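Listed here are the chains, written in short residue letters.
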Amino acid sequence: MEPGMEELMPRLLPVGDCDLAEDFDPTVPPRTPQEYLKRVQIEAARCPDVVVAQIDPRKLKKKPTVNISISGCQPAPEGYSPTLKWQQQQVANFSAVRQSLNKHRNHWQSQHLDSNVTMPKSEDEEGWKKFCLGERVYSEMDALSDNENLGIDYMKVGFPPLLSIVSRMNQATVTSVLEHLISWFGEKKFTPELGRWLYALLACLEKPLLPEAHSLIRQLARRCSEVRALEESKNEEQISALNLLICLVSRYFDQRDLADEPS
């Protein structure tokens, strides 16, 4: 070892020359403390200064990255900021929905799904978008014609978040579907179908939040505030729905820095 390194890395086991037996063999288990320390010194001297690991990149699995932004929400358009009383009432209603869902979850899990309901696999992003939003919204088609309105085709209009469906979703699936829909919302407009599913998934989300879920709901609230700020027609029903999602994220899930200031 170089003199400079000796000063930075003093020996933890300062062992001098030991009186070892003539038949000392470093390849066999040590019989005395002196033999053990001598063997450590010999092995350390044989170690290369630099070791390069041989890694097979095919065996590496991509891990999810959780990005948590600390930026807040954009303020509501003038005259559309929700009152504190309204926000408190929505939190109370939401809490009651969650309690009822948890209480009756086993009952709804036991209910048979209709033959036309096939839930996609958790990782099937496109499948879940079509399942929740329907072909019409997913493909950005015009409204259904009068002939098509005679019967409900859930493949076209999307399956509603029925209790018999959401009760079958474990937390991994809830988080995955929430991520799929928030990703969709990041580039598309807000629709009633999307709003219903986002509310239902938040109702299924367990506390305390995992880091990934924490990041997702903050992303959702910020996106809602962006869409709300750009709402030119001042559609009261849509602004109210966006206010509701921001309210639940900020006040029920304790992301207070994202909360709307009471009007």
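Residues numbered from 1 in each chain as written. Predicted model: local features only at pLDDT ≥ 70, side-chain atom pairs only at ≥ 80, totals over all residues. Heavy atoms only, no water.

A. Summary view of the environment of glutamine 219. Tracing the chain through its elements places glutamine 219 in helix 10 (residues 211-229). In this structure the C-alpha to C-alpha distance between glutamine 219 and serine 183, which are 36 residues apart in sequence, comes to 9.4 Å. (Helix = DSSP H or I, 4+ residues; strand = E, 2+ residues; numbered from the N terminus.)

B. The arrangement of the packing of aromatic side chains in detail. A full pass over the atoms with the stated rule returns nine aromatic pairs. Centre to centre, the rings of tryptophan 128 and phenylalanine 131 are 5.3 Å apart; their planes meet at 75°, and the pair counts as edge-to-face. With a gap of three residues between them, tryptophan 128 and phenylalanine 131 both fall in helix 5 (residues 125-138), about one helical turn apart. Like tryptophan 128, the residue phenylalanine 131 is buried in the burial classification. Ring geometry for tryptophan 128 and tryptophan 197: centres 6.5 Å apart, planes at 70°, overall edge-to-face. Of this pair, tryptophan 128 sits in helix 5 while tryptophan 197 sits in helix 9 (residues 192-204), and the two are 69 residues apart along the sequence. Each member of the pair, tryptophan 128 as well as tryptophan 197, is classed as buried. (Phe/Tyr/Trp six-rings, centres within 6.5 Å; stacked < 30°, edge-to-face > 60°. Buried < 20%, exposed > 50% of the residue type's maximum accessible area, 1.4 Å probe, protein only.)

C. Structural context of the nonpolar core. One finds Leu181 and Trp197 to be the most contacted residues of the largest nonpolar core, which totals 48 residues. Mapped onto this core, the elements with two or more residues apiece are helix 3 (84-103), helix 5, helix 7 (163-166), helix 8 (171-185), helix 9, helix 10 and helix 11 (236-252). Contacts of leucine 181, omitting those with residues within four sequence positions, involve Lys129, Cys132, Leu133, Leu194, Trp197, Leu198 and Leu201. (Core = buried A, V, L, I, M, F, W, Y, C linked by side-chain atoms within 4.5 Å. Contact = heavy atoms within 4.5 Å.)

D. Region of interest: the pattern of salt bridges. In the structure shown here, the tally under the stated rule is eight salt bridges. A salt bridge links glutamate 126 to lysine 129, with the nearest nitrogen and oxygen atoms 3.8 Å apart. Here glutamate 126 pairs with lysine 129, and both are found in helix 5, just three residues apart, close to one helical turn. With relative accessibility at 36%, the residue glutamate 126 sits in the partly exposed group. Note that lysine 207 and aspartate 254 form a salt bridge whose closest N and O atoms lie 3.6 Å from each other. Remark: aspartate 254 occurs in the segment after helix 11 and lysine 207 occurs in the loop between helix 9 and helix 10; sequence separation between them is 47 residues. The partly exposed category is assigned to aspartate 254, whose relative accessible area is 47%. Via salt bridges that share partners, Glu125, Glu126 and Lys129 belong to a single interconnected network. (Salt bridge = Lys/Arg side-chain N within 4 Å of Asp/Glu carboxyl O.)

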